[in-house]
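# Chains, contacts and geometry: an overview
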Amino acid sequence: MTFEHVPSDYAILKMRKVPPTGGDTIWASGYEMYDRLSAPYQRFLEGLTAKHANPDFQAAAARVGFEIHPGPRGAAENVGQDLIANHPVVRTNPVTGWKSIYGALNQIEQLNELAPQESDEVLRYLGQLLTNNHDLQCRFKWGVDDVAIVSCSVPRV
């Protein structure tokens, strides 16, 4: 939920029922994405922030009659129902020093410092990097009562 001002550091997911087919979950490494970029492109992205939002989340909640909790949601800063936040495109883990591309690309509406067409092109490139390189992804095939713990964001600095 990168559209929160303070996203969770971790998520815990549990599968109670397994569909007869499909249902796998795929995660990708933002660290590996960053490492695959050239040094000039890394520096370029390090100077950018992104507007994160997910109107589909709100629409899906409304379809099933669920109201977004006005907050706080996990952190005092996560209040309101706008579900829009700005975050750096590249974040550095303060423990390891590793840099990562931050955010679920489908939740990034705009790279704030770029013109809309430029932003679209950069996001398209990052999306291709993500989808065309299966070796930076982890595919998890769920079984009943399986639990996955996922690091969702770089720890706050």
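Just so you know, these numbers come straight off a predicted model, no measurement behind them.

Here we come to the sheet that holds strand β3 (residues 49-53). Read from one edge of the open sheet, 3 strands run β4-β3-β7, paired in antiparallel fashion. This sheet does not close on itself; its edge strands, each paired only once, are β4 (84-88) and β7 (108-111). For this sheet the average axis-to-axis angle between neighbouring strands, irrespective of direction, equals 25 degrees.

Glancing now at the packing of aromatic side chains. Considering all chains together, one arrives at 6 aromatic pairs under this definition. Ring pairs connect the aromatic residues Trp-27, Phe-140 and Trp-142, which therefore count as one cluster. Seen from the ring of Tyr-102, Arg-91 lies directly overhead, with NZ or CZ sitting 4.4 Å from the centre.

With that settled, consider the packing of helix α2 (residues 39-46) against helix α4 (residues 116-131). Interaxial distance between α2 and α4 falls to 13 Å at its minimum, and their mutual angle equals 125 degrees. In this view, α2 runs oblique relative to α4, as classed from their interaxial angle. The interaxial crossing formed by α2 with α4 has left-handed handedness. Between α2 and α4, the residues in contact are Tyr-41, Phe-44 and Leu-45 and Val-122, Tyr-125 and Leu-126, respectively. Split into classes, the residues belonging to the contact of α2 with α4 amount to 6 nonpolar, no polar and no charged.

On to the pattern of salt bridges. In the structure shown here, the tally under the stated rule is 8 salt bridges. Residues Glu-4 and Arg-73 are paired through a salt bridge, measuring 2.6 Å at the closest nitrogen-oxygen approach. One end of the pair, Glu-4, is in the segment before β1 (10-14); the other, Arg-73, is in the loop between α3 (55-63) and β4, with 69 residues separating them in the sequence. For Lys-14, the salt bridge identified is with Asp-145, shortest N-O distance 3.8 Å. A residue pair is termed long-range when its members are at least 10 positions apart, and Lys-14 in strand β1 and Asp-145 in the loop between β8 (137-140) and β9 (147-151) qualify at 131 residues. The class for Asp-145 is partly exposed, based on a relative accessible area of 46%. Here the salt bridges share partners, and the residues they tie into one network are Glu-32, Arg-36 and Asp-135.

Averaged over the protein chain, the pLDDT score is 89; the fraction of residues at 70 or greater is 96%. The least confident element of the protein chain is β9, whose mean pLDDT is 86; the most confident is α2, at 97.

Judged by nonpolar contacts, the single largest core of 17 residues is most densely connected at Leu-45, Val-89, Ile-101, Leu-111 and Leu-126. Secondary-structure elements contributing two or more residues to this core are α1 (30-35), β7 and α4. No other element matches α4, which puts 4 residues into this core. Apart from the residues within four sequence positions on either side, Ile-101 is in contact with Gly-30, Met-33, Tyr-34, Leu-37, Leu-45, Val-89, Val-90 and Leu-126.

A few words now on α4. In a regular helix each residue adds 1.5 Å, so 16 residues correspond to 22 Å; α4 covers 22 Å between its end C-alpha atoms and thus fits that length. For α4, the set of buried residues is Ser-119, Val-122, Leu-123, Leu-126, Gly-127 and Leu-129. Seen along its axis, α4 keeps its buried residues to an arc of 160 degrees; they face one direction. Along its buried surface, α4 packs onto α1, α2, β6 (99-101) and β7.

Criteria and thresholds
Residues numbered from 1 in each chain as written. Predicted model: local features only at pLDDT ≥ 70, side-chain atom pairs only at ≥ 80, totals over all residues. Heavy atoms only, no water. Pairing = 2+ DSSP bridges. Helix = DSSP H or I, 4+ residues; strand = E, 2+ residues; numbered from the N terminus. Axes fitted to C-alpha atoms, helices over the stretch in contact; angles between N-to-C directions. Phe/Tyr/Trp six-rings, centres within 6.5 Å; stacked < 30°, edge-to-face > 60°. Lys NZ or Arg CZ within 6 Å of the ring centre and 35° of its normal. Parallel < 35°, antiparallel > 145°, perpendicular 65-115°, else oblique. Left-handed = near helix turned anticlockwise from the far one by under 90°. Contact = heavy atoms within 4.5 Å. Nonpolar A, V, L, I, M, F, W, Y, C, P; charged D, E, K, R; others polar. Salt bridge = Lys/Arg side-chain N within 4 Å of Asp/Glu carboxyl O. Buried < 20%, exposed > 50% of the residue type's maximum accessible area, 1.4 Å probe, protein only. pLDDT = per-residue confidence, 0-100. Core = buried A, V, L, I, M, F, W, Y, C linked by side-chain atoms within 4.5 Å. Expected span 1.5 Å × (residues − 1). Arc of directions from axis to C-beta.

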